Amino acid sequence: MTGTTSSHSTDTVLDPVIPTTETTGADNNNATTTNTKSNKLAVEDPLHFDSQTNLHEGTRAAKNAAAKERDMTLLEGIRLYPKAVAWSILISSCIIMEGYDISLVSNFYAFPQFNKKYGVQLADGSYQVPAPWQAGLSNGANVGEIIGLFLNGIISERFGYRYTVLGCLICMMGFTAISFTAQNVQTLQVFEILCGIPWGVFQTLTITYATEVCPIVLRGYLTTYINACWGAGQLLGIGVIRAMLSRTDEWAYRIPFALQWMFPPFLIVGILLAPESPWWCVRKGKIDEARKNLRRLTSPERDPDFDIEDTIAMIEHTTKIEEKLASGSSYLDCFRGTDLRRTEIVCMVWAIQNLSGNSFSNYSTYFFVQAGLSESLSYNFAMGQYSINMVGVFGAWFLMSRGIGRRTLYLVGQCGLCLMLLILGFLALVPRAHRQDAAFATGGIMLAWAVFYQLTVGTVAYSLVGEISSRRLLIKSVVLGRNLYNVVGIVCSVLTPYMLNPSAWNWSNYTGFFWGGICFCCIIWTYFRLPEPQGRSFAELDLLFEKKVPARKFATTKVDVFHGVEDKSSSGAQANEKATYTEA
């Protein structure tokens, strides 16, 4: 009788048994398949956590919760966690404010009324905000965000996510008064720096909250929804400016600033009622509070198999594993052991957003004007671009729902972005007699770039940074990554105005060659260093990083944090062969 035992069993491990049948000469090759009576062949021990890391208390309950999350479908996740989805969407809406103001500032540079108030007159009689001040205003927000991000890594972990967001919203209401009453560009600079502080907090807390309140199946959707909020803010900002083009008085730019006051009151009321993250509660030892908040995030009556105690046990199990692997939780710990690799990935995923041309696209309206389009057409093209920024997120959801991994989307997206940027550069070679045609082609390519960006790099990055980080260092590693994003953004914000400004370098479309080359270098890094976290629990990712699994093998490596890990792609066939036995 012949049978086959699965090599991927996670419940039992076959003990290595060496056949005792004696063989000689050529019979040596066939002895184990024809004369053995041992019923089993040797099976290599799978990789597993070291003995001092293994945890047994509450393991069965944690395993049940982990298995349920792993097998949960999208509809089951929505049915069980509808309130978590709603609360995550609410807190993610804070990003709309940042997208709105960033859109205002970058697109005001092509706004005649704004340029006349805060700019200088050129030789041809037109007004322009000088390139140094364009760079200064954009970088002011980046500097503030860097400060806010570092503060968030300390404050939110101590006081919780809700209270941190509430404090930032109150600050935003006061800071908005500065922009509304600004009489010179220096005052606007102060406003950008101060507003950057709460924006930096929003950038990380929205991601960490979304990853911690929802199950695995919803994680990618709720984290990437943050990018839709960013796009909604940008679209709202460009739409308001477009509506103000017909005005010639100071209210043409003061009304857009004043509209920033419409966001905080509604958000404050909602966040006052929102539950805290159960993961944060467990890290602080507040288990009863974690249970209470988990009940407010779920609808247990819709799933009789769901057990809150099992889920709490899973959170505790993952937290204890990370404490065993590394006890520290400071910024310095992000650069120690396996966390160094995770920090590198999070930082690069954020930085690549800017290095693949995003900072260039933020000046799209100004770029279109310099390429030869009128102000109204430039804003129309920009509105199309920002519409894609928002709607593109739903396209990325569709691709993820079809089983396409984060790594694949991120890598293929960069290839498309690189191609679009090079095409922009070649359009600069069009003869001057056909400049108008080249300008319209430039607008079309920018829209195509926006499609590629939002379907892939722009959206998937939010999911990647929320999944790659360990729970223990999540806030701090995302802070470091987003700060690198801001540092790169500062460099880009210094270079881009000079590249596009007619009174400076005046590169126009040639700028595409520069960013296309940078994007190609990012493609190489992504191929070799970016792993695939799709469908993995946080504990599984901890094990994969702890065992130094290569990035390209993350998707093909089977993991059981309650036993071990084995690679399906490289050893699956061999393991199956070893598990085959013959019975007399």
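Description of the structure in this document. Every value quoted in this text rests on a predicted model; they were computed, and no experiment measured them.

1. A short note on the overall build of the chain
Each helix and strand in the chain was counted, giving 25 helices and 6 strands. Counting every position in the chain, which comprises 584 residues, the buried fraction comes to 55%. Considering only intrachain contacts with a sequence separation of at least 6, the fraction spanning at least 24 residues in the chain is 81%. Just so you have it, the chain exposes about 23700 Å², and 61% of that area is on carbon and sulfur atoms.

2. Here's the deal with the side chain of arginine 482
Positionally, arginine 482 belongs in helix H22 (residues 474-500). Despite its burial, arginine 482 pairs with no opposite charge, the nearest such side chain being glutamate 98 at 4.3 Å. Engagement of the side chain of arginine 482 in a polar contact is seen with the side chain of glutamine 203, the distance being 2.8 Å. The residues touching arginine 482, leaving out its near neighbours within four places in the chain, are Glu98, Leu149, Gln203, Trp230, Trp350, Gln353 and Tyr462.

3. Thoughts on helix H2 (residues 59-71)
Helix length check: H2 (13 residues) gives 18 Å between terminal C-alpha atoms against 18 Å at 1.5 Å per residue, within 8%. Where H2 is concerned, the buried positions are Thr59, Ala62, Ala65, Ala66 and Glu69. The buried residues of H2 occupy one face: seen down the axis, they fall within an arc of 130°. Opposite the buried face of H2, by more than 90 degrees, sit the exposed residues Arg60 and Asp71.

4. A look at the environment of glycine 413
Mapped onto the elements, glycine 413 comes out in helix H19 (residues 406-427). Glycine 413 sits in the buried class, given a relative accessible area of 0%. Between the C-alpha atom of glycine 413 and that of tyrosine 453, which follows or precedes it by 40 residues, the distance is 6.5 Å. Ignoring anything within four residues of it in the chain, the contact list for glycine 413 reads Phe452, Thr456 and Val457.

5. Quick notes on the pattern of salt bridges
Applying the stated rule across the entire model yields 15 salt bridges. The partner of aspartate 339 in a salt bridge is arginine 472, with the nearest N and O atoms 2.8 Å apart. Note that aspartate 339 is positioned in helix H16 (residues 338-361) and arginine 472 in the loop between helix H21 (457-468) and H22, a separation of 133 residues in sequence. Relative accessible area serves as the criterion here: at 7%, aspartate 339 is assigned to the buried category. Of the residues examined, arginine 472 reaches a relative accessible area of 13% and is grouped as buried. One salt-bridge network, held together by shared partners, links Glu157, Glu212 and Arg283.

6. Regarding a positive patch on the surface
Judged by side-chain charge, Arg79, Lys83, Lys292, Arg296 and Arg302 come together as a positively charged surface patch. In this structure, arginine 296 sits in helix H14 (residues 287-297).

7. Comments concerning a nonpolar patch on the surface
A contiguous nonpolar surface patch, about 710 Å² in accessible area, is contributed by Val143, Ile147, Leu151, Ile154, Ile155, Phe159, Tyr163 and Ile193. With 6 residues, helix H7 (residues 131-159) is the largest single contributor of residues to the nonpolar patch. Within the secondary structure, tyrosine 163 sits in helix H8 (residues 161-181). Looking at tyrosine 163, the relative accessible area reads 53%, which means it is exposed.

Conventions and cut-offs
Residues numbered from 1 in each chain as written. Predicted model: local features only at pLDDT ≥ 70, side-chain atom pairs only at ≥ 80, totals over all residues. Heavy atoms only, no water. Helix = DSSP H or I, 4+ residues; strand = E, 2+ residues; numbered from the N terminus. Buried < 20%, exposed > 50% of the residue type's maximum accessible area, 1.4 Å probe, protein only. Contact = heavy atoms within 4.5 Å. Areas by Shrake-Rupley, 256 points an atom, 1.4 Å probe, with all protein chains shown as cover. Lys, Arg positive; Asp, Glu negative; His and termini not counted. Salt bridge = Lys/Arg side-chain N within 4 Å of Asp/Glu carboxyl O. Polar contact = N/O pair within 3.5 Å; in protein donor to acceptor, adjacent residues only side chain to side chain. Expected span 1.5 Å × (residues − 1). Arc of directions from axis to C-beta. Patch = residues over 30% accessible without salt bridge, like charges linked within 9 Å, V, L, I, M, F, W, Y side chains within 5 Å. Charge placed at Lys NZ, Arg CZ, Asp CG, Glu CD.

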